[in-house]
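# Breakdown of the fold
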Amino acid sequence: MKEIKQAYRELALRYHPDKNSSEDHETKFKQISEAYKTLQLRRKTESKITKKFSEIYPEDAVSSYQEAEALIAKQKYDEAIVFYEKALELLPQYTDALLRKGNALSHLKRYDEALSCYEQILHTNPKSSDALNLKGVCLSDLKRFEEAIECFDKVLSSNQMNFASWNFKGVCFFNLGKLEKALECFDKATKIRPDFAVAWLNKGGVLSRLDKKKEAEKCYEKAKKLRQ
């Protein structure tokens, strides 16, 4: 454990924003911190670390993660998944890598595999809002709207200000034909985050279905201005 702490300190000093304020260094510092937290969690859940630290060096996992992110930016999801998996071979509970791998799998409509990624996170952190939201979106894509709503409700039970969950929940209610409930969700999303263009657009869609054309047009106009 001392070796891990020492290596982390060296990396943290090298990439700390106080040493270099560039966006690249700040991003790398955050990623290394996340990787170190994963190692700490692993230390707590295992009786001992059997591998040498050189075999689970967090910078190697972060490098693979960054390769994957570069491929995601080019929408090369299949190739990105390979690099997320390399990062996860080194750090099996690397939360960011699991989240991003799951999202890439969802883009490829490999929903069962995506759900498996989110479940791995929720197994150790049942209240992870990111994992719950992405699991909910995945279930929504599968048209399992009631189950998706349960995920969003779990997030909102601990954080009523999570505007993304309100929006996702509204989409599910809209697809279930429960327009008034959908409208209530989009209202809350836009009140919490007034510059949330997608929620304004969704609110306009509900109002249009409710034959409230003038109110719908105002929402569409608001969304359009926010996207300019």
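Residues numbered from 1 in each chain as written. Predicted model: local features only at pLDDT ≥ 70, side-chain atom pairs only at ≥ 80, totals over all residues. Heavy atoms only, no water.

## A word on the confidence of the model for the protein chain
A residue-level look at the protein chain finds 75% of positions with pLDDT of 70 or above and a mean pLDDT of 85. Scored below 50 in pLDDT, residues 1-5 makes eight contacts in the model with residues more than four places away or belonging to other chains. (pLDDT = per-residue confidence, 0-100. Contact = heavy atoms within 4.5 Å.)

## Overview of the pattern of salt bridges
Overall, the coordinates contain twelve salt bridges when judged by the stated rule. For Lys135, the salt bridge is made with Glu119, and the minimal N-O distance between the two is 2.5 Å. Pair noted here: Lys135 is in helix 7 (residues 129-141) and Glu119 is in helix 6 (residues 111-124), with a separation of 16 residues, a long-range link. A salt bridge links Arg144 to Glu147; the nearest nitrogen and oxygen atoms lie 2.9 Å apart. In this structure Arg144 comes out as partly exposed when scored by relative accessible area, which is 33%. What you see here is one network of salt bridges that share partners, running through Asp78, Arg110 and Glu113. (Salt bridge = Lys/Arg side-chain N within 4 Å of Asp/Glu carboxyl O. Helix = DSSP H or I, 4+ residues; strand = E, 2+ residues; numbered from the N terminus. Buried < 20%, exposed > 50% of the residue type's maximum accessible area, 1.4 Å probe, protein only.)

## Remarks on the packing of aromatic side chains
A full pass over the atoms with the stated rule returns four aromatic pairs. The interplanar angle of 75° and the centroid separation of 5.2 Å between the aromatic rings of Phe163 and Phe196 together place this pair among those described as edge-to-face. Pair noted here: Phe163 is in helix 9 (residues 163-175) and Phe196 is in the loop between helix 10 (179-192) and helix 11 (197-209), with a separation of 33 residues, a long-range link. Note on Phe163: relative accessible area 25%, which makes it partly exposed. Each residue in the set Tyr65, Tyr84 and Tyr94 is aromatic and connected to the rest through ring pairs, giving one cluster. (Phe/Tyr/Trp six-rings, centres within 6.5 Å; stacked < 30°, edge-to-face > 60°.)

## Quick notes on the side chain of Asn133
Looking at the secondary structure, you find Asn133 in helix 7. Discounting residues that sit within four places of it in the chain, Asn133 has contacts with Phe152, Val155, Asn162, Ala164, Ser165 and Phe168.

## Side note on the environment of Asn159
Structurally, Asn159 is set in the loop between helix 8 (145-158) and helix 9. Distance in space between the C-alpha atoms of Asn159 and Ser129 is 8.9 Å, their sequence separation being 30 residues. Here the side chain of Asn159 touches Met161 through a polar contact of 3.0 Å, landing on its backbone nitrogen. (Polar contact = N/O pair within 3.5 Å; in protein donor to acceptor, adjacent residues only side chain to side chain.)

## What to know about unusual backbone geometry
Unusually for a residue other than glycine, Lys143 sits at a positive phi of about 65°. Within the fold, Lys143 resides in the loop between helix 7 and helix 8. Accessibility expressed as a relative area gives 63% for Lys143, which makes it exposed. Unlike most non-glycine residues, Asp211 shows phi in positive territory, near 60°.

## A look at the packing of helix 7 against helix 8
Interaxial distance between helix 7 and helix 8 falls to 8 Å at its minimum, and their mutual angle equals 165°. It follows that helix 7 is roughly antiparallel to helix 8 by the angle criterion. The way helix 7 lies across helix 8 gives a crossing that is left-handed. In this structure, helix 7 contributes Ser129, Leu132, Asn133, Lys135, Gly136, Val137, Leu139 and Ser140 to the contact, and helix 8 contributes Phe145, Glu147, Ala148, Cys151, Phe152, Lys154 and Val155. Per-class residue counts for the contact of helix 7 with helix 8 are eight nonpolar, four polar and three charged. (Axes fitted to C-alpha atoms, helices over the stretch in contact; angles between N-to-C directions. Parallel < 35°, antiparallel > 145°, perpendicular 65-115°, else oblique. Left-handed = near helix turned anticlockwise from the far one by under 90°. Nonpolar A, V, L, I, M, F, W, Y, C, P; charged D, E, K, R; others polar.)

## Overview of the side chain of Ser64
Along the polypeptide, Ser64 turns up in helix 3 (residues 58-73). Take Ser64: its relative accessible area is 12%, and that puts it in the buried class. Here Ser64 is in contact with Phe83, Lys86 and Ala87, once residues within four sequence places are set aside.

## Here we look at the packing of helix 5 (residues 95-107) against helix 7
Taken N-terminus to C-terminus, the directions of helix 5 and helix 7 make an angle of 10°; their axes are 11 Å apart at the nearest point. Between helix 5 and helix 7, the angle is such that the two are roughly parallel. Together, Leu99, Asn103 and Ser106 of helix 5 and Asp130, Ala131, Leu134 and Cys138 of helix 7 make up the contact between the two elements. Considering only residue class, the contact of helix 5 with helix 7 consists of four nonpolar, two polar and one charged.

## Here we look at helix 9
Its 13 residues place the ends of helix 9 19 Å apart at the C-alpha level, agreeing with the 18 Å of an ideal helix rising 1.5 Å per residue. All of the buried residues in helix 9 are Ala164, Ser165, Trp166, Asn167, Lys169, Gly170, Cys172 and Phe173. For helix 9, the elements touching its buried residues are helix 7, helix 8, helix 10 and helix 11. (Expected span 1.5 Å × (residues − 1).)

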